[in-house]
Amino acid sequence: MQTLNDVATLREMLAEHRRAGRTIGLVPTMGNLHAGHLALVAEARRRADVVVATIFVNPMQFGPNEDLDAYPRTLADDQAHLEAAGCDLLFAPDVATVYPRGLDAQTRVSVPEVSEGLCGGDRPGHFDGVATVVTMLFNLVQPDLACFGEKDYQQLAVIRRLVADLHLPLEIVGVPIERAEDGLALSSRNGYLDTAQRAVAPELYRTLCALREALEGGEPVDDSLTRGLERLREAGFVPDYLELRAADLGPVGDTTRDAVLLTAARLGPTRLIDNLSLTLPR
Ligand code: PAF
């Protein structure tokens, strides 16, 4: 696997693959890779001839009080994991390469509606930062497909919408959540949890599973969500939100069948997110 930092070499190498008729699969990441990321690489490996991963801790998607500086940078380990997973090319640019005019002067991509509420409500500007950098990566790599984790359900919806709205010629592949044995969704942020918090963290998933059972059994939505919030607070979480939405993130109506429970909750300073799809009864 080759690691590149500059745009010109990246473009040259990818043009060569395209001329040879090879398809390209992209896996955008912010590094500090875990099994969830490697599942994205494995999916891209199954679907494309050439797998390109990117590692870029994108300052535009972090709020002023968020963990940009503390975000773990683990390039050497990440390179070893990517190589073992069958990645062909790693693009790991620095901030000046991606935003040469600085963040304030940067053209931005903003995706209305799906970016609003949920994590977009708690993290103003976050999805503009994601949409901007992902659009840029799509333009730099020009992949046939790109793989994203379903753990970041709203992010995936934002990316699907921007690809549709901007008529971008690539397929977006959602990859199911990878979980630890106790159910905790794998996340780079799990590394911030101390031993006691790590023991509590799977309660987030267990709460979603209990709510799914209740909702699929016909329990009223408001009752389920109130009970879920109480359960999370009792376990020691400070929930940012716990919501039921239609699978496309629209509101749940009388005819909605495919739905998704979404939550973000803090354990100490660490913000965890999770979601679970379900089918509402008729
Ligand atoms: O999910 C992530 O790691 C990031 O939000 C992404 C998609 C790589 C954009 O910076």
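Residues numbered from 1 in each chain as written. Predicted model: local features only at pLDDT ≥ 70, side-chain atom pairs only at ≥ 80, totals over all residues. Heavy atoms only, no water.

- The protein is annotated in an unreviewed UniProt entry as Pantothenate synthetase of Halomonas halophila.
- In its Catalytic activity (unreviewed entry) section, the UniProt entry covering the protein states "(R)-pantoate + beta-alanine + ATP = (R)-pantothenate + AMP + diphosphate + H(+)".
- Recorded in UniProt for the protein, the comment headed Pathway (unreviewed entry) runs: "Cofactor biosynthesis; (R)-pantothenate biosynthesis; (R)-pantothenate from (R)-pantoate and beta-alanine: step 1/1." (UniProt positions renumbered as here; feature names shortened; annotations may be inferred.)

### Some points on the nonpolar core
1) Next: Residues Leu10, Val52, Phe138, Val141, Phe148, Ile159 and Ile172 are the most contacted members of the largest nonpolar core, which totals 45 residues.
2) Next: In terms of residue count, the dominant contributor to this core is helix H6 (residues 126-141) (10 residues).
3) Next: Once residues lying within four places of it in the same chain are set aside, the contact partners of phenylalanine 148 are Pro28, Leu40, Val134, Phe138, Gln155, Leu156, Ile159, Ile172, Val173, Gly174 and Val175.
4) Next: If you look at the next biggest cluster of nonpolar residues, it comprises 18 residues, including Leu82, Cys87, Ala92 and Val173. (Core = buried A, V, L, I, M, F, W, Y, C linked by side-chain atoms within 4.5 Å. Buried < 20%, exposed > 50% of the residue type's maximum accessible area, 1.4 Å probe, protein only. Helix = DSSP H or I, 4+ residues; strand = E, 2+ residues; numbered from the N terminus. Contact = heavy atoms within 4.5 Å.)

### Some thoughts on the layout of surface pockets
1) Next: Taken as a whole, the second largest pocket holds about 240 Å³ of empty space.
2) Next: Lining the second largest pocket we find 17 residues, and of these Ile55, Phe56, Val57, Arg73 and Pro93 sit closest to its centre.
3) Next: Here the lining of the second largest pocket is built from residues that sort into 11 nonpolar, four polar and two charged. (1 Å grid on protein atoms, 1.4 Å probe; cavity = no way out; pocket = protein on both sides within 12 Å on 5 of 7 lines; lining within 4 Å. Points joined across faces, edges and corners; volume = space filled by probe spheres on them. Nonpolar A, V, L, I, M, F, W, Y, C, P; charged D, E, K, R; others polar.)

### Re H6
1) Next: The end-to-end C-alpha distance of H6, which contains 16 residues, comes to 23 Å, matching closely the 22 Å that a straight helix rising 1.5 Å per residue would cover.
2) Next: Within H6, 14 of the 16 residues are buried, which leaves the element mostly enclosed by the surrounding structure.
3) Next: Glutamine 142 sits one or two positions beyond H6 and adopts a positive phi of about 45°. (Expected span 1.5 Å × (residues − 1).)

### Things to note about helix H7 (residues 153-165)
1) Next: Helix length check: H7, at 13 residues, gives a terminal C-alpha distance of 18 Å against a target of 18 Å (1.5 Å per residue), a fit within 8%.
2) Next: Buried within H7 are the following residues: Tyr153, Gln154, Gln155, Leu156, Ala157, Val158, Ile159, Leu162 and Val163.
3) Next: Check the buried side of H7 and you find it contacts helix H5 (118-122), H6, strand S5 (145-149), strand S6 (171-175), strand S8 (258-267) and strand S9 (270-279).
4) Next: At the C-terminal side of H7, histidine 167 shows a positive phi close to 50°.

### What about empty space enclosed by the protein?
Over the atoms, a rolling probe the size of a water molecule traces out where space has been left empty.
1) Next: One pass over the full model with this rule turns up one cavity of 30 Å³ or more.
2) Next: Within this model, the largest cavity holds a volume of roughly 50 Å³.
3) Next: Lining the largest cavity, in full, are Lys151, Leu184, Ala185, Ser187, Asn190, Leu204, Leu272, Ile273 and Asp274.
4) Next: For the lining of the largest cavity, the residue count by class is five nonpolar, two polar and two charged.

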